[in-house]
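Here is how the chains run, residue by residue.
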Amino acid sequence: MEKSNGLRVIMFPLPLQGCLNPMIQLAKILHSRGFSITVIHTRFNAPKASSHPLFTFLEIPDGLSEAEEKNPDVNLTITLLNQRCVSPFRDTLTKLLQPADSETEGAKERITCLIDDTQWIFTQSLAKSLNLPRLVVSASNVSFFLGHFSIPQLRPLTYLPLQDSEKDDPVEEFPPLRKKDIYRLLDGESETLDALLNLIYKTTKASSGLIFVSCSEELDHDALIQARQDFQVPIFAIGPSHNRFTASSTSLLAPDETCIPWLDKQEDKSVIYVSFGSVATIKESELLEVAWGLRNSEQPFLWVVRVGAVVGAEWIEAIPEELMERLKEKGKVVKWAPQQDVLKHRAIGGYLSHNGWNSTAESISEGVPMICLPFVWDQMLNARFVCEKWMVGLHLENRIERNEIDRAIRCLLLEAEGEAIRERMKLLKEKVGASLEENGSAYRSLEDLVDQIKSF
Ligand code: UDP
């Protein structure tokens, strides 16, 4: 930990688990490099201030009603937050920037910049008017970040029925997605998204720099070059920050700590970990297919079913008692897991994943091969990277069916194909690990970021 450098960074995370984790982890990194940290946050999904006693937390009202907080349409939530946080955020930031009275602690510090999410579209013009440099964090990988700006252009494609013969055709504007992925990605997304994307593009271009929490130099090199050309702002690919600090302190739900002692009792690389992240939902019928798939595979499993993840149900009560008894013989079902510690555990042999970017990066960092079951948004692209570019996983192609799940688990844990996937994953893990070591690309990029923040 470096001593205080007299500079303060203001951070404003988007209140979604997948965005909060990298932002707070970045705050921890910067704090360890001598920066003081102020986190401005919404009331909705507020981070736990008591877990970070060295940061200053300032809550702003976000105007979301209880019903709006529960709405599963994430893009709508983001749009509403962008409308309703404008004045409370402006008031809080303006107050922070007022010259401090010379008697107070703050007088010795200079606020150097604002770091927030690319999806906070109202903050760029505000920061500019206050003469405060703004850096933005993208919680996706570079290929998705670049490709998602082509959505308005691709939308008309989905007005026509998709022919079987063209399902697997590549989509040039959004590689490596296939046509069928675009249909799923846009399913239920209204045209209001297009205006949001247009503003994300413009405000990112006007920002003072773009941060990816990924080893993009190694994992997504061509897209990184393209992004540098398109945006013409400094781009930092600092690596997945959980390698430096774990995310458990940023978890919005309480992790079930009995997972680890349970894993301690299992054989090496024998357990399949199942989790679909903090947002994805499934139907009761799909819950049952996963349950039967796990049971029939006869492999040990650790399965996270979030409260609220099964549409119309409390939790897992749809699983008949008899099946539940059989599931308990081999596995454990929890409501939330300490995922990073789980993936690190020697007993984990594979991860049946929704392929959120954080989860995908965490799995690669621990060398855990995946079975991919993406639901929405960038999950679709991450799954294509896992299975087709890096070849470190098996794709279920949206078949939430017991036989498919059973077959994929056995293949990954017991068969030669699974062994080959595991070997490739080992190499990928080493590549990512080297990037984070001294003089690796992510290491250097983080140094550049720290220098940039000091130079503002
Ligand atoms: N996570 C966790 N416990 C769980 C499930 C998920 O701690 O039981 C964490 C996981 O480690 C990751 C984050 O929640 O850091 C999920 O982010 P991701 O981008 O993978 O998916 P999202 O939730 O945004 O769909």
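Residues numbered from 1 in each chain as written. Predicted model: local features only at pLDDT ≥ 70, side-chain atom pairs only at ≥ 80, totals over all residues. Heavy atoms only, no water.

Our working rule: UniProt positions are given in the numbering used here, feature names are shortened, and annotations may be inferred rather than shown by experiment.
An unreviewed UniProt entry annotates the protein chain as Glycosyltransferase originating from Microthlaspi erraticum. Taken from UniProt, the Sequence similarities (unreviewed entry) comment for the protein chain reads in full: "Belongs to the UDP-glycosyltransferase family."

## Quick notes on the overall build of the protein chain
Basically, it comes down to this: A run of H or I in DSSP becomes a helix once it reaches four residues, and a run of E becomes a strand once it reaches two; helices and strands are each numbered from the N terminus. For the exposure calls, accessible area comes from a 1.4 Å probe over protein chains only, and a residue counts as buried if that area is under 20% of its type's maximum, exposed if over 50%, partly exposed in between. The contact criterion used throughout is that any non-hydrogen atoms of two residues lie within 4.5 Å. For the area figures, the Shrake-Rupley method with a 1.4 Å probe applies, and any residue is considered shielded solely by the protein chains shown. We count Lys and Arg on the positive side and Asp and Glu on the negative side, and we leave His and both chain ends out. Charge coordinates come from a single atom per side chain, which is NZ of Lys, CZ of Arg, CG of Asp or CD of Glu.
The number of helices and strands found in the protein chain is 20 helices and 13 strands. Each of the three principal axes of the protein chain carries a C-alpha extent, and together these read 70 × 50 × 45 Å. Relative to its 456 residues, the protein chain shows a buried fraction of 57%. Summarising the internal contacts of the protein chain: among those between residues at least 6 apart in sequence, 73% fall at separations of at least 24. For the protein chain, the accessible area works out to roughly 19,600 Å², and carbon and sulfur atoms hold 50% of it. A distance of 2 Å separates the average location of the 49 positive side-chain charges in the protein chain from that of its 64 negative side-chain charges.

## Quick word on the domain arrangement of the protein chain
How we decide: Reported domain spans reflect what an automatic or database domain assignment gives. By buried area we mean how much accessible surface two parts lose on assembly, using a 1.4 Å probe and totalling the loss over both. Whenever Lys or Arg places a side-chain nitrogen within 4 Å of a carboxyl oxygen from Asp or Glu, that contact is recorded as a salt bridge. Within 3.5 Å is the distance limit for a polar contact, defined as a pair of N or O atoms, with the added protein rule that one can donate a hydrogen and the other accept it, and that residues adjacent in sequence qualify only through two side-chain atoms. Three classes are used, and their members are as follows: Ala, Val, Leu, Ile, Met, Phe, Trp, Tyr, Cys and Pro are nonpolar, Asp, Glu, Lys and Arg are charged, and the others, Gly among them, are polar.
Here the protein chain is partitioned into domain 1 (7–248 + 438–455) and domain 2 (253–433). For domain 1 versus domain 2, the separation of C-alpha centres amounts to 27 Å. Counting from both sides, the interface comprises 36 residues of domain 1 and, opposite them, 26 residues of domain 2. Interface area for domain 1 against domain 2, summed over the two sides, is near 2,800 Å², with a carbon-plus-sulfur share of 61%. Per-residue buried area on domain 1 facing domain 2 is highest for R184, L219 and H242; these three make up 25% of the total on that side. Across the contact surface, domain 1 and domain 2 share three salt bridges. Two residues, R178 and E388, come together in a salt bridge whose shortest N-O distance is 2.7 Å. For the pair domain 1 and domain 2, the number of links is eight residue pairs in polar contact (both at pLDDT 80 or more). Mapped onto the side of domain 1 that touches domain 2, the elements with two or more residues apiece are α1 (17–32), α3 (74–84), α6 (142–147), α8 (179–186) and α10 (216–219). For the side of domain 1 that touches domain 2, a count of residues per class yields 17 nonpolar, 12 polar and seven charged.

## Some words on the packing of aromatic side chains
We apply this condition: We call Phe, Tyr and Trp rings a pair once their centres come within 6.5 Å, taking the six-membered ring for Trp, and we label the pair stacked below 30 degrees between planes, edge-to-face above 60, and tilted otherwise.
Inspection of every chain in the model, using the stated rule, returns 17 aromatic pairs. Ring geometry for F145 and F149: centres 5.1 Å apart, planes at 85 degrees, overall edge-to-face. Given the relative accessible area of 2%, F145 is considered buried. Look at F149 and F231: their rings are 6.0 Å apart centre to centre, the planes differ by 50 degrees, and that puts the pair in the tilted class. Remark: F231 occurs in helix α11 (residues 221–231) and F149 occurs in the loop between α6 and α7 (151–154); sequence separation between them is 82 residues.

## Regarding the layout of surface pockets
What counts is decided by this rule: Lining residues are those with an atom within 4 Å of a point, where the points come from a 1 Å grid over the protein atoms alone and group into cavities, where a 1.4 Å probe fits but cannot get out, or pockets, open sets with protein on both sides within 12 Å along at least five of seven lines. Grid points are joined across faces, edges and corners, and a volume is the space filled by probe spheres set on the points.
Here the second largest pocket is characterised by a volume of approximately 780 Å³. Lining of the second largest pocket is provided by 24 residues; of these, F44, N45, E69, S278 and R306 occupy positions nearest its centre. Listed by contribution, the elements that provide at least two residues to the lining of the second largest pocket are α2 (66–70) and α3. Broken down by element, the residue count for the lining of the second largest pocket peaks at three residues, all from α2.

## With respect to the sheet that holds strand β10 (residues 331–334)
We apply this condition: Strand pairing is assigned whenever DSSP identifies at least 2 bridges connecting the two strands. Working convention: axes come from line fits to C-alpha atoms, limited for helices to the stretch in contact. Angles between N-to-C directions cover 0 to 180 degrees.
Taken together, six strands build an open sheet; the order of strands is β10-β9-β8-β11-β12-β13 and the sheet is parallel. Looking at which strands have only one partner, the edges of the open sheet turn out to be β10 and β13 (393–395). The sheet shows a mean angle of 15 degrees between the axes of neighbouring strands, taken without regard to direction. Where strand β11 (residues 348–353) lies against strand β12 (residues 370–372), three bridges are found, and the strand directions are parallel. Looking at β12, one finds that Y351 is bridged to M370. The strands touched by helix α13 (residues 284–297) are β8 (271–275) and β9 (301–304); relative to β9, the strand with the most contacts, the crossing angle is about 170 degrees. Relative to β13, helix α17 (residues 378–389) is tilted by about 120 degrees, and along the sheet it contacts β12 and β13.

## Details of the site of the ligand
Here is the rule we go by: Near residues are defined by distance, with any heavy atom within 4 Å of the molecule or strand qualifying the residue.
Around the ligand sit 18 residues in total, of which S278, A337, N358, S359 and E362 are the nearest. Between the ligand and S278 there is a distance of 2.4 Å, counted from an oxygen atom to a side-chain nitrogen or oxygen. Note that an oxygen atom of the ligand is positioned 3.3 Å from one of the side-chain N or O atoms of Q339. Burial of the ligand by the protein chains amounts to 92% of its free accessible area of 540 Å².

## Comments concerning unusual backbone geometry
Trans is the prevailing form of peptide bonds, just as negative phi is the prevailing case for residues other than glycine. The step from P175 to P176 runs through a cis peptide bond, and the omega angle for that step is 0 degrees. Examined against the element boundaries, P176 turns out to sit in the loop between α7 and α8. One non-glycine residue with positive phi stands out, namely N45, at about 50 degrees. Checked against the element boundaries, N45 lands in the loop between β2 (36–42) and β3 (56–60).

## Considerations on α1
What counts is decided by this rule: Helix span, expected: 1.5 Å multiplied by one less than the number of residues in the helix.
Between its first and last C-alpha, α1 extends 23 Å over 16 residues, near the 22 Å set by a 1.5 Å rise per residue. By the criterion of burial, α1 is predominantly enclosed, with 15 of the 16 residues buried. One or two steps after α1, the chain reaches G34, where phi turns positive at roughly 100 degrees.

## As for the side chain of S275
Following the sequence through the fold, S275 ends up in strand β8. On the basis of relative accessibility, which here comes to 2%, the residue S275 falls in the buried class. In terms of polar contacts, S275 uses its side chain to reach the backbone amide nitrogen of G277, at 3.3 Å. Excluding its chain neighbours within four sequence positions, the residues that come into contact with S275 are V304, Q339, Y351, L352, S353 and H354.

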